[in-house]
Every structure is written in C-alpha cells, then in structure tokens.
Amino acid sequence: MLLALLLRVPSLLKGGWKDPLLRSVAVVLCLGIAIFTCVAPPSIIRINAASGIRNFAAVLAYSLLTATSAAIIHLMITWRGGPEEHRRRAARWCTAVYGSVVAALFTLFFLGDAPHERLRDLDTYYAQTPYIREMITVYLLAHTLAAATMTILCHRWYRKVTGLLRAGLTLFAAGALCNLLYDACKLTAVVARWTGHNLDSLSTNVAPPVAGFGTLCLSVGYVLPSAGERLAQTASAWIKHRRLAPLARLTNGLIPGASIRLPWWSPPGVRHLQRRSDIRDGLRAIRPYIDEVEKTAALRVLLSQGIGLKEAEASAQAIALLAARAALLAEQSAHLATGQPLPEPPAEGDVIPDDPDSLQLLAAALRTRTTGYRSAAVTALD
C-alpha cells in the first residue's frame with residue numbers, strides 16, 4: 001500500500017490533490033497503511049502504553065477500518081462518476097453514517113471494560129463482554145456493509161468498462177470479496193463464542209492473511225489503470241523511438257553539432273521527440289539533393305510490381321534519400337577539402353509530411369531497403 005501511495009506522490013505534488021479521484025485514492029491508501037501499522041502486535045503494545053488505556057489500540061484500529069470502509073465507498077462513487085449533485089449527496093450520506101459508527105465505537109469502548117491486553121484475539125476474547133461485544137459487532141457489520149456495497153458497485157460497473165480499467169476493477173472486486181470473507185470469518189468466530197463454541201482460529205489464523213491478500217488486490221487495483229496506461233505510453237514511445245533508428249542513422253552527422261545530447265535518465269517520450277527533431281533537420285539538409293526524376297521512376301517501377309501506393313511511395317523516397325545523402329556527403333567533403341564554408345540547409349520545407357506515421361513508414365522502408373522489390377527497382381533503374 002505504501003508503494004501504491006508513493007507511485008501517486010508525483011501526481012499529488014503537481015496539484016493532483018485537487019482531483020477528487022486522486023485525492024480519494026490517497027486517503028484510502030493512507031488509512032490502509034495506518035490500519036496495518038496499528039494492528040501489528042508491537043504497535044499495539046506501544047499505542048496502549050502511550051495512551052495509558054488497555055486495548056486502546058483495538059478501538060483505534062476498528063475506527064480506522066471503519067473510516068477506510070467509508071473512504072473506499074467514497075472512492076467507488078467518485079471513480080464511477082455521474083452527476084455531481086448525486087455524487088456529493090452519496091458522499092455526504094456515507095460520511096454521516098460511518099462517522100456515526102466511529103463515534104459509537106469509541107462510546108461503546110469507554111462504556112465497556114477490557115482490562116486484559118489482547119494482541120491477537122481481542123474479538124473472540126471479549127465477544128461476551130457487555131459494550132465491548134456491541135463494539136465488535138458494530139465494526140464488523142459496518143465493514144461487511146462496505147464490502148458488500150463495493151462488490152455490488154463493481155458488478156454493476158464491470159460491463160461498462162474495458163481494458164486496464166476493467167482489470168483494475170476486477171482486482172478491486174477480488175479485494176472486496178476478500179473483505180467479505182474476512183468479515184465472515186470474524187463473525188463466525190464471534191457468534192461461536194456467543195453459543196458456547198470455540199472457532200477462534202478463524203479469527204486469529206484465517207482472517208488476517210485473507211485481509212492481507214484482499215488489501216494487495218485493492219492496492220494493485222487502485223494503481224493498475226493509471227500506472228498501466230503510463231507504462232503502455234512509455235513502451236509505445238520506446239518502440240517508436242527504436243523503429244526510427246534507420247532514419248536516425250541516415251541523417252546522423254549531416255548537420256554537425258545540431259543534435260542535443262540527452263542525459264541517460266531522459267524518458268523514452270523525450271528521446272523520441274528529440275530523435276524526430278534530429279531526423280527532420282537531417283532530411284531538410286538532404287532535400288536539395290533529391291533527384292525527383294529518379295524518385296518518380298522508382299515509384300513507377302515499384303507500382304508496376306503490385307506494391308501498395310503508400311509503401312511504394314515510402315520505398316521510392318528511401319531510394320532517393322540514400323542517393324541524396326551520398327551526394328550531400330560528397331559535397332561536404334569537397335567543401336572541407338577546399339576550406340570553403342559548408343552549405344546551410346534550407347530553413348523551411350520537409351521531405352515528407354510532418355507527422356509521426358510518415359516517419360515510421362519511411363523508417364520501415366529504409367529498414368528493408370536491400371531486399372525484395374526494392375533491389376529489383378534499383379536494378380530496373382540502373
């Protein structure tokens with residue numbers, strides 16, 4: 001849960017706290033972290049010692065769990081969207097109901113008597129103690145209601161979403177079902193105590209790992225849609241960057257000192273934009289050396305071989321660019337040999353339309369420039 005929260009920190013620092021959904025996720029994760037911190041036996045001992053009240057850590061944990069239930073319902077309401085007034089009204093009802101439950105938990109705790117510190121089995125140990133019994137029942141019923149509400153909302157919404165959002169919602173539903181199983185184990189153990197039986201192992205041994213696994217599902221479900229989309233965008237930018245390598249090799253060094261050296265930690269998206277910019281500059285330098293007659297002849301040959309129009313145009317462009325690059329390098333060498341200044345590339349004008357798809361298509365044509373129909377086209381022109 002802490003890792004999931006840390007993944008959200010950059011967005012929160014950039015003003016994301018104003019986003020109701022991001023704010024709801026952060027609140028849920030913070031409350032969840034607080035719960036698992038409080039219920040660890042060493043933490044229970046320290047909280048009880050600091051407060052000076054036996055088993056105060058229990059009512060604190062129950063209150064945090066109840067607040068988390070309310071926060072998760074609020075998150076589901078915000079996540080699903082809908083009319084603003086409906087969402088606000090539902091959020092107010094949720095806050096009022098669960099706020100009353102938290103107040104009731106503290107009231108019942110201080111009315112009851114729990115003199116013996118219990119680190120793992122307070123639910124069953126005090127299951128028949130007046131007021132403490134009611135406190136335990138109230139928190140379990142409130143948590144069960146929240147888990148059931150989450151499950152119903154996930155089921156209703158599941159068919160309306162796709163992709164990573166559906167995957168996240170699936171994990172969210174799995175976490176809600178784990179919460180229901182946790183409540184079932186706890187309630188069964190408590191009711192067994194009421195009837196004179198002993199099923200404490202359900203509460204002390206089964207319920208905690210179920211809650212842990214459910215929290216893992218909820219945490220991953222929170223971050224999967226946004227983190228998965230971010231990873232997909234990063235992967236897409238990296239793939240596009242790699243696919244432009246043939247064009248980058250073609251234009252590399254045509255304009256000395258024009259490329260900006262990026263630090264190694266630069267993200268793929270920035271690298272992709274920089275490579276596109278460098279390629280554009282290089283193609284602009286090549287443009288005056290393109291033989292349009294040769295290019296048109298190559299296109300005619302390629303089309304006569306049954307190649308599609310777009311692919312044939314890209315292949316003809318690749319053939320022309322290779323020849324133009326050789327001509328430009330030869331002229332640069334001649335200028336350097338005589339000591340004359342290098343020719344300046346034209347300030348305007350592009351070899352191909354200024355869009356990423358055209359660059360990708362041209363890069364693909366260069367990647368296969370020595371095989372198949374392209375070799376046949378060059379032979380026919382020769």
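Overview of the structure.

1. Regarding the overall build of the protein chain
From N to C terminus, the protein chain includes 15 helices and zero strands. In the protein chain, which comprises 382 residues, the share counted as buried stands at 41%. Total accessible area on the protein chain is roughly 20300 Å²; 62% of this is exposed by carbon and sulfur atoms.

2. Let's talk about the side chain of S24
Checked against the element boundaries, S24 lands in helix α2 (residues 20-38). Given the relative accessible area of 6%, S24 is considered buried.

3. A word on the packing of aromatic side chains
Taken as a whole and assessed by the stated rule, the structure comprises four aromatic pairs. Between Y62 and Y139 the ring centres are 3.9 Å apart and the planes differ by 10°, which places this aromatic pair in the stacked class. Within this pair, whereas Y62 is found in helix α4 (residues 56-80), its partner Y139 is found in helix α7 (residues 132-158), the two being separated by 77 residues in sequence. This pair shows no difference in class: Y62 is buried, exactly as Y139 is. Above the plane of the ring of Y125 lies R118, whose end atom (NZ or CZ) is 4.0 Å from the centre. If you follow R166 out to its NZ or CZ, it ends over the ring of Y158, 4.4 Å from the centre.

4. Section: the packing of α4 against helix α8 (residues 163-194)
Two elements in contact, α4 and α8, have axes whose closest approach is 13 Å; the angle formed by their N-to-C orientations is 150°. As the angle between them shows, α4 and α8 are arranged roughly antiparallel. Like other packed secondary-structure pairs, α4 and α8 cross with a definite hand, here left-handed. Together, L65, I72, L75, M76 and W79 of α4 and L165, G168, L169, F172 and Y182 of α8 make up the contact between the two elements. A per-class count over the contact of α4 with α8 returns nine nonpolar, one polar and no charged.

5. A closer look at unusual backbone geometry
In this structure, N55 takes a positive phi of about 65° despite not being glycine. You can see N55 is positioned in the loop between α3 (41-51) and α4. Judged by relative accessible area, N55 falls into the buried class, the value being 1%. Its identity is not glycine, yet Y131 carries a phi of approximately 70°, on the positive side. With respect to the element layout, Y131 can be found in the loop between α6 (122-125) and α7.

6. Observations regarding the nonpolar core
Residues Y62, M135, I136, Y139, F172 and Y222 are the most contacted members of the largest nonpolar core, which totals 61 residues. Of all the secondary structure elements, the ones that give two or more residues to this core are α1 (2-13), α2, α4, α5 (84-111), α7, α8 and α9 (200-243). In terms of residue count, α4 provides more of this core than any other element does, 15 residues in total. Counting residues in hydrophobic clusters, the runner-up holds 21 residues, among them L254, A314, A318 and L366.

About the criteria used
Residues numbered from 1 in each chain as written. Predicted model: local features only at pLDDT ≥ 70, side-chain atom pairs only at ≥ 80, totals over all residues. Heavy atoms only, no water. Helix = DSSP H or I, 4+ residues; strand = E, 2+ residues; numbered from the N terminus. Buried < 20%, exposed > 50% of the residue type's maximum accessible area, 1.4 Å probe, protein only. Areas by Shrake-Rupley, 256 points an atom, 1.4 Å probe, with all protein chains shown as cover. Phe/Tyr/Trp six-rings, centres within 6.5 Å; stacked < 30°, edge-to-face > 60°. Lys NZ or Arg CZ within 6 Å of the ring centre and 35° of its normal. Axes fitted to C-alpha atoms, helices over the stretch in contact; angles between N-to-C directions. Parallel < 35°, antiparallel > 145°, perpendicular 65-115°, else oblique. Left-handed = near helix turned anticlockwise from the far one by under 90°. Contact = heavy atoms within 4.5 Å. Nonpolar A, V, L, I, M, F, W, Y, C, P; charged D, E, K, R; others polar. Core = buried A, V, L, I, M, F, W, Y, C linked by side-chain atoms within 4.5 Å.

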